[in-house]
Amino acid sequence: MDTRTYWALVLRNARAKTLTHILKKMLLGLVVAVIVAGAQYLLRLRNLSDTSKIVISIAAGYGGVGLFFFLKHVVTEPARLHAAIVESSDTQIREMRESSAVESSTLKKRIEQLTPPKRTHAEQHHYEAARAALEQLSELRADIPVALHHLRMHDTLTFGGPMSPPLPAGMSVYDLKGCLTLCVEKSLVTRKQGENRSGGAYPVYDEIYTIAPGLKAALDELLYAPMSP
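Computed from a prediction, not measured in an experiment: that's the story for all the values here. (Residues numbered from 1 in each chain as written. Predicted model: local features only at pLDDT ≥ 70, side-chain atom pairs only at ≥ 80, totals over all residues. Heavy atoms only, no water.)

Looking at the packing of aromatic side chains
Consideration 1: Per the counting criterion, the structure on display carries 1 aromatic pair.
Consideration 2: With 5.4 Å between their ring centres and 90 degrees between their planes, F159 and Y209 make a pair best called edge-to-face. Note that F159 is positioned in strand β1 (residues 156-159) and Y209 in strand β3 (residues 205-211), a separation of 50 residues in sequence.
Consideration 3: Residue classification places F159 among the buried residues on the basis of a relative accessible area of 4%.
Consideration 4: The exposure class assigned to Y209 is buried, which follows from its relative accessible area of 0%. (Phe/Tyr/Trp six-rings, centres within 6.5 Å; stacked < 30°, edge-to-face > 60°. Helix = DSSP H or I, 4+ residues; strand = E, 2+ residues; numbered from the N terminus. Buried < 20%, exposed > 50% of the residue type's maximum accessible area, 1.4 Å probe, protein only.)

Things to note about the nonpolar core
Consideration 1: Among the nonpolar cores identified, the biggest contains 26 residues, and L148, L180, L188 and V189 are the most heavily contacted of them.
Consideration 2: Those elements that provide at least two residues to this core are α3 (121-140), α4 (144-154), β1, α5 (173-185), β3 and α6 (216-223). (Core = buried A, V, L, I, M, F, W, Y, C linked by side-chain atoms within 4.5 Å.)

With respect to the environment of V184
Consideration 1: Relative to the helices and strands, V184 is located in helix α5.
Consideration 2: Measuring from C-alpha to C-alpha, the distance between V184 and A212 comes to 8.7 Å, with 28 residues separating the pair along the chain.
Consideration 3: Among residues more than four places away in sequence, those in contact with V184 are V189, T190, R191 and Y209. (Contact = heavy atoms within 4.5 Å.)

Some points on unusual backbone geometry
Comment: phi is negative for the bulk of residues other than glycine, and the bulk of peptide bonds are trans.
Consideration 1: Although it is not a glycine, D155 adopts a positive phi angle of roughly 75 degrees.
Consideration 2: Taking the relative accessible area as the measure of exposure, D155 reaches 42% and is therefore partly exposed.
Consideration 3: One non-glycine residue with positive phi stands out, namely S187, at about 65 degrees.
Consideration 4: Mapped onto the elements, S187 comes out in the loop between α5 and β2 (189-196).

Observations concerning the pattern of salt bridges
Consideration 1: In the structure shown here, the tally under the stated rule is 4 salt bridges.
Consideration 2: Between D220 and R152 there is a salt bridge, and its shortest N-O distance comes to 2.6 Å. One end of the pair, D220, is in helix α6; the other, R152, is in helix α4, with 68 residues separating them in the sequence.
Consideration 3: Exposure remark for R152: the relative accessible area of 25% places this residue in the partly exposed category.
Consideration 4: The partner of E207 in a salt bridge is K177, with the nearest N and O atoms 2.9 Å apart. (Salt bridge = Lys/Arg side-chain N within 4 Å of Asp/Glu carboxyl O.)

Side note on the packing of α4 against α5
Consideration 1: The geometry of α4 relative to α5 is characterised by a closest axis approach of 9 Å and an angle of 90 degrees between their N-to-C directions. The pairing of α4 with α5 is recorded here as roughly perpendicular in orientation. Residues I144, A147, L148, H150 and L151 of α4 pack against L176, C179, L180, L182 and C183 of α5.
Consideration 2: Considered class by class, the residues forming the contact of α4 with α5 number 9 nonpolar, 1 polar and no charged. (Axes fitted to C-alpha atoms, helices over the stretch in contact; angles between N-to-C directions. Parallel < 35°, antiparallel > 145°, perpendicular 65-115°, else oblique. Nonpolar A, V, L, I, M, F, W, Y, C, P; charged D, E, K, R; others polar.)

All quantities given are derived from atomic positions and should not be read as evidence of function.
Given below as structure tokens:
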């Protein structure tokens, strides 16, 4: 609101309040004054020559009082108008914030409804079990994740044959088998017995290690989680 518009509004409000004041209070005084003057004429307390003086006195009195109230409203109206503008602005800001909060909450609910859950209840259970087991084993041996990565990459690792399984860099066959054995104890890895290779009285069996089928997705998420920057 520019200065000209602001003061035009102040003067318009001051004029409206002055007229309201005159109509509500001063008009009643004028009626009473006319009645009193009429009674004085009837009782012959005044002459007709006094009429013009009475009219001028009443008009001047009410004109002066009206001017006083107008100036009073001109002085007091800016403060009231400023308070009303501030209150209106605060109300608008509050309503905008409330509307924004409602829209944000509604949008969040719609997104949640449209976005499928990341995991089912069973998948969440497997994930939490795998994470707890992996954390415990990693405290025992720091190379557990390396062994699991290696097993996941090859799908199966067989121990006991004439040829050792492929090994990760820097890890011996005994270290790899030791890590996988610990993982079997925590149900992260399954171990199956292969066929008898001896053909004699004393059977010799291979040991075949694979990722536990029910935990494969959970381990994939844990082992291949993106590194935080």
